[in-house]
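This is what each chain is made of:
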Amino acid sequence: AKTFAKAILHNSERLSVMVADLIDLSRIEYGDLKLNIKKIDLIIFMNDFIISMKSLTKKKEIDIIFKPSDYNFVKADPQALERIMNNLVDNAFKYSEKGSTIEISTIRDHQHVRVSVSDTGVGVADEDQEHIFDRFYRTASARASDNKGSGLGLAIVKNLTNSLNGEVGVESKDCSGSIFWFTLPIN
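Heads up: these notes are all about the structure in this document. Not measured: the values here are computed from a predicted model. (Residues numbered from 1 in each chain as written. Predicted model: local features only at pLDDT ≥ 70, side-chain atom pairs only at ≥ 80, totals over all residues. Heavy atoms only, no water.)

A few words now on the side chain of serine 100. Residue placement: serine 100 occurs in the loop between helix 4 (78-95) and strand 4 (101-108). Look at serine 100 and you get buried, because its relative accessible area is 11%. One polar contact links the side chain of serine 100 to the main-chain carbonyl oxygen of glutamate 97, over a distance of 2.7 Å. If near-sequence neighbours (up to four positions away) are discounted, serine 100 is found in contact with Glu61, Ile62, Asp63 and Thr120. (Helix = DSSP H or I, 4+ residues; strand = E, 2+ residues; numbered from the N terminus. Buried < 20%, exposed > 50% of the residue type's maximum accessible area, 1.4 Å probe, protein only. Polar contact = N/O pair within 3.5 Å; in protein donor to acceptor, adjacent residues only side chain to side chain. Contact = heavy atoms within 4.5 Å.)

Inspection of the entire model under this criterion finds 1 aromatic pair. On the basis of an interplanar angle of 70° and a centroid distance of 5.8 Å, the ring pair of tyrosine 71 and phenylalanine 73 is categorised as edge-to-face. Tyrosine 71 sits in the partly exposed class, given a relative accessible area of 23%. Residue phenylalanine 73 is classed as partly exposed on the basis of its relative accessible area of 30%. Above the ring of phenylalanine 73, the side-chain terminus of lysine 39 is found at 4.7 Å from the ring centroid. One residue, arginine 108, lies across the ring of tyrosine 71, its end atom 4.6 Å from the ring centre. (Phe/Tyr/Trp six-rings, centres within 6.5 Å; stacked < 30°, edge-to-face > 60°. Lys NZ or Arg CZ within 6 Å of the ring centre and 35° of its normal.)

This is the structure in structure tokens:
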């Protein structure tokens, strides 16, 4: 009975998270999510974010480094930006080997700052890249691995980024890591 109760609890918690993600995704898609757009200094934001991830980094002995550009002031909602970063860095952790490094970097173009999260994990196959931001989409390697997920995290990243007037994308080669990136308007 104890084993079954643990399994029921675990699966109900996963279901609860999935339902909450679906509700959030629907609110974002239909414009019901109220954004509080502010000027954000990405250097301060990312340094605080990396500190908040310390317990996760210790578990898998993965380092997070931040390489900012010379201009890092954007217009964004701090909570939405944190959710985007949590999803991207969590995925980088899931698919990176113990002892590796995740790099967060920024670069400015004309009207945007591009934030990139790169890892040395398994990568995303070419045929999966066009669908990776779709709702419920999981790659074959993700389905075959022990990594749990609903396929909603990157859909949330895409929709939040679009709500912040940015774009999102991935650059990856199978078995050689990935660079997930998104843009935010400069302040």
